[in-house]
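Tertiary structure, described
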Amino acid sequence: MSKTFILNSLLLLSQIPNPEVKFLDLKNKLEKKGFQVIIALPPKRGAYGLLREADKKIWINPVVFELGIGTQTLIHETVHAAQVCAGKGKIKTLGLDIQPINYARPFFKRYTDMKRQDLEREAYAVQTQPNSFELAVSLLQQHCK
């Protein structure tokens, strides 16, 4: 990694209003598994977070910190990271036996592609659990060896 990239990352993180310890811990865990977490506008307009499976890049929109959902957004993207690992580079569902809360239904139901809807359902299911952080870490460790 270049010194410039590291310095820019530290600068961006220093500008985040009080990044949560869990966010930073999860970011570090993802990076140890080969994912790059970028605090910047995702390439898809309007997205809070985005994972590009081809090069294992995860974008986190800086606005999530102002909204107070930084950790939840990274948890969501961590589930997608575990899905990429489970599919050996191609995203696939994990077969989780949990469902998201009803409030989250419109967020994954808007996808017309059923595969994408199933992937998002799993991410929202984990994100909306009371133990979402621990569950995301467990999935990452289980699927990303």
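Residues numbered from 1 in each chain as written. Predicted model: local features only at pLDDT ≥ 70, side-chain atom pairs only at ≥ 80, totals over all residues. Heavy atoms only, no water.

- The chain carries the name Dicer dsRNA-binding fold domain-containing protein in an unreviewed UniProt entry, which gives Nostoc commune NIES-4072 as its organism.

Some points on the pattern of salt bridges
- Evaluation of the coordinates by the stated rule reveals 5 salt bridges.
- Here Lys-27 ties to Glu-31 by a salt bridge, and the two come within 2.7 Å at their closest N and O atoms. Of the two residues, Lys-27 and Glu-31 both sit in helix α2 (residues 21–32), 4 residues apart, roughly one turn of that helix.
- On the basis of relative accessibility, which here comes to 29%, the residue Glu-31 falls in the partly exposed class.
- A salt bridge links Arg-116 to Glu-120; the nearest nitrogen and oxygen atoms lie 2.7 Å apart. (Salt bridge = Lys/Arg side-chain N within 4 Å of Asp/Glu carboxyl O. Helix = DSSP H or I, 4+ residues; strand = E, 2+ residues; numbered from the N terminus. Buried < 20%, exposed > 50% of the residue type's maximum accessible area, 1.4 Å probe, protein only.)

Remarks on unusual backbone geometry
- Within the chain, Lys-56 stands out as a residue other than glycine whose phi angle is a positive 60°.
- Here Lys-56 shows up in the loop between β2 (49–52) and β3 (57–60).
- We note that Lys-88 has phi near 55°; this positive angle belongs to a residue other than glycine.
- Within the fold, Lys-88 resides in the loop between α4 (70–86) and α5 (105–109).
- Under the relative-accessibility criterion, Lys-88 is labelled exposed at 76%.

Side note on the sheet that holds β2
- Taken together, 3 strands build an open sheet; the order of strands is β1-β3-β2 and the sheet is mixed. Each edge of the sheet is formed by a strand with only one pairing partner; in this case those strands are β1 (36–39) and β2. Each strand of the sheet is rotated relative to its neighbour by a mean of 15°, with strand direction disregarded.
- By the bridge criterion, 4 bridges tie β1 to β3 in an arrangement that is parallel. When the sheet's bridge partners are listed, Ile-38 is paired in β3 with Trp-59. (Pairing = 2+ DSSP bridges. Axes fitted to C-alpha atoms, helices over the stretch in contact; angles between N-to-C directions.)

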